[in-house]
Amino acid sequence: MVRRTARFSLADGREVVVRSTTLSDARRLRALLDEIGGEAEVNILHTPGSCSVRAVRGRIAVAVAEPDALMLTALVDSRLVGHLALAADTRVSCRHVCELGLAVVRDERGRGVGSALLDVALPWAARHGVSKAVVAVLSHNQRALRFFRSHGFVSEGVRAGQHRRNGSSYDEVLLARPVEAAPVTGG
């Protein structure tokens, strides 16, 4: 768990606060996921209303209890605007690999929220024995692909038709990068 709060300046001069997600964030986190999942262009696979606040609270509790997992919340002016979840692979042969998921509300994208979340998460992962971070991005989400590539992630493959939502099929691009303890701020 991240024990202190990290503060970063955004591109527009405002401050973003990155901290560990707490149980009290569950309602706002579900609202964030519902908001992003409800966008006209599918950017995440979460379907609005598909999980309860109780279920989100349960996921937070698991992450807090698991030493190889991390959930971070990004706040701008006390508004929850971003979230990152990271977990080490549970297979012994893959313990050096972590999977991450990242979500930022539409009106805060491109301002540095995602970079701030990565700047906290990836050094934490390195300190916990992780040497490779992986992320899956829907193939049509060019903005997310550019973001991760600007942070050192490279494509490792595509899983065609990996996901279905509302009758549509989506390909998934797998990206990865080495993990170091130094900050990863990029584009």
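Here we summarise the structure given alongside this text. (Residues numbered from 1 in each chain as written. Predicted model: local features only at pLDDT ≥ 70, side-chain atom pairs only at ≥ 80, totals over all residues. Heavy atoms only, no water.)

1. A word on the overall build of the protein chain
Rules: Per the convention used, a helix needs a DSSP run of H or I reaching at least four residues, while a strand needs a run of E reaching at least two, with both numbered from the N terminus. The cut-offs for exposure are 20% and 50% of the maximum accessible area for each residue type, with area from a 1.4 Å probe on protein chains only; residues under the lower value are buried, those over the upper are exposed, and the others partly exposed. Each accessible area value is a Shrake-Rupley result obtained with a 1.4 Å probe; residue values ignore everything except the protein chains displayed when judging cover.
Scanning the protein chain from N- to C-terminus turns up 4 helices and 8 strands. The burial tally for the protein chain puts 48% of its 187 residues in the buried class. Within the structure as shown, the protein chain displays about 9400 Å² of accessible surface, and the carbon and sulfur contribution to it stands at 51%.

2. Some details on unusual backbone geometry
Unusually for a residue other than glycine, Asp-77 sits at a positive phi of about 50°. Among the structural elements, Asp-77 can be located in the loop between strand 3 (69–76) and strand 4 (79–88). Positive phi values are uncommon outside glycine, yet Ser-78 reaches one of about 70°.

3. Quick word on the pairing of strand 4
To keep things clear, this is the line we draw: Two strands are said to pair when DSSP picks up at least two bridges between them.
With 7 of 10 residues buried, strand 4 is to be regarded as a mostly interior element. Here 8 bridges tie strand 3 to strand 4, and the two strands are oriented antiparallel to one another. If you follow Leu-75 over to strand 4, its bridge partner there is Leu-80. Bridging between strand 4 and strand 5 (residues 97–104) involves 7 bridges; their strand directions are antiparallel. In the strand pairing of strand 5, Ala-88 is matched with Cys-98.

4. Brief notes about the packing of aromatic side chains
As a reminder, the rule being used: Under the pairing criterion, centres of Phe, Tyr and Trp rings, with the six-membered ring standing for Trp, must be within 6.5 Å; the plane angle then separates stacked pairs below 30 degrees from edge-to-face pairs above 60, leaving the rest tilted.
Tallying each qualifying case throughout the model produces 2 aromatic pairs. Relative to Phe-148, the ring of Phe-147 lies with its centre 5.1 Å away and its plane at 80°, an arrangement referred to as edge-to-face. Considered together, Phe-147 and Phe-148 belong to a single accessibility category, that of buried residues. Here Phe-148 falls in the buried class, since its relative accessible area comes to 4%.

By themselves, these are just geometric observations and shouldn't be taken as functional.
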